[in-house]
Amino acid sequence: IYFPAGPPVGHCLGCFGCWIKTPGTCIINDRVRDFTRAMAECSHLIIVSRCVYGGLSPDIKAIMDRNIGIMLPFFRIKSKEMHHYPRYKEMPGLTYHFYGTDISDAEKATASRLYNANCLNLSTGASSSFFHLSLEQLTAALSPVQ
């Protein structure tokens, strides 16, 4: 499934409605609900984002933040840290593809830590992250061999 970052979506309200009022689904009724359903049903999720200060672009981050409902509101200790239990038995694998012409080594290190933390938080399976100089280079890397 292809889910573009634009048009922008609203940011998470922090209301916990996705845990209490509409379990597993954000209470904001917009296109993020389609993403949430697809995320819950897919076996692997590929995130493509411009690298912004070692993180996801604001629009991609808003989409990801709005999907905390795929986790349960209960906690467990995992790798000596507190994390939510996954809502679903099978969680998708996760791949991040960052792009940008001026990504510093420090930003790459920050993005890699963010990626690893997201994998741990989302209880994902085998996953990986990549850095590309441009969106064109990233597109070529993702294109099937002709």
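Below: a short report on this structure. Values in this document were obtained by computation on a predicted structure and should not be read as measured data. (Residues numbered from 1 in each chain as written. Predicted model: local features only at pLDDT ≥ 70, side-chain atom pairs only at ≥ 80, totals over all residues. Heavy atoms only, no water.)

**Topic: the overall build of the chain**
Just so we agree on the cut-off: Under the scheme used here, helices are H or I runs from DSSP no shorter than 4 residues and strands are E runs no shorter than 2 residues, and both carry numbers assigned from the N terminus. Just to be clear, the radius of gyration here is over C-alpha atoms, and the globule rule we use is 2.2 Å times residues to the power 0.38.
A count of helical and extended segments in the chain gives five helices and five strands. The N-to-C order of helical and strand elements in the chain reads α-α-β-α-β-β-β-α-β-α. Against the compact-globule benchmark of 15 Å for 146 residues, the chain has a radius of gyration of 15 Å, which places it among compact chains. In terms of principal-axis extent, the alpha carbons of the chain reach across some 45 × 35 × 30 Å.

**Looking at the environment of isoleucine 103**
For clarity, the cut-off: Should any heavy atoms of two residues lie within 4.5 Å, those residues are counted as being in contact.
You can see isoleucine 103 is positioned in the loop between strand 4 (93–99) and helix 4 (105–121). Each C-alpha atom, one on isoleucine 103 and one on valine 52, is 8.4 Å from the other, the two residues being 51 residues apart in sequence. Setting aside chain neighbours within four positions, we find isoleucine 103 in contact with Cys51, Lys108, Phe131 and His132.

**Brief notes about the side chain of serine 57**
The cut-off we apply is this: When a residue's accessible area, from a 1.4 Å probe over protein chains only, is under 20% of the maximum for its type it is buried; when over 50% it is exposed; and in between it is partly exposed.
Its location among the elements puts serine 57 in the loop between strand 1 (44–50) and helix 3 (58–65). The class for serine 57 is buried, based on a relative accessible area of 8%. In contact with serine 57, other than residues within four places in its own chain, are Ser49, Arg50 and Val52.

**Some thoughts on the packing of aromatic side chains**
Rule in force here: Ring pairs shown here join Phe, Tyr and Trp side chains whose ring centres sit within 6.5 Å, with only the six-membered ring taken for Trp; geometry is labelled stacked below 30 degrees between planes, edge-to-face above 60, and tilted in between.
Under the counting rule described, the total for this entry stands at five aromatic pairs. Considering the side-chain rings of phenylalanine 98 and phenylalanine 131, the 5.4 Å spacing of their centres and the 15° angle between planes classify their relative orientation as stacked. Taken as a pair, phenylalanine 98 in strand 4 and phenylalanine 131 in strand 5 (residues 128–132) lie far apart in primary sequence, 33 residues in all. In textbook terms, an aromatic cluster arises when at least three aromatic residues are bridged by ring pairs, as seen for Tyr96, Phe98, Tyr115 and Phe131.

Fair warning: the whole summary comes from geometry, so function is off the table for now.
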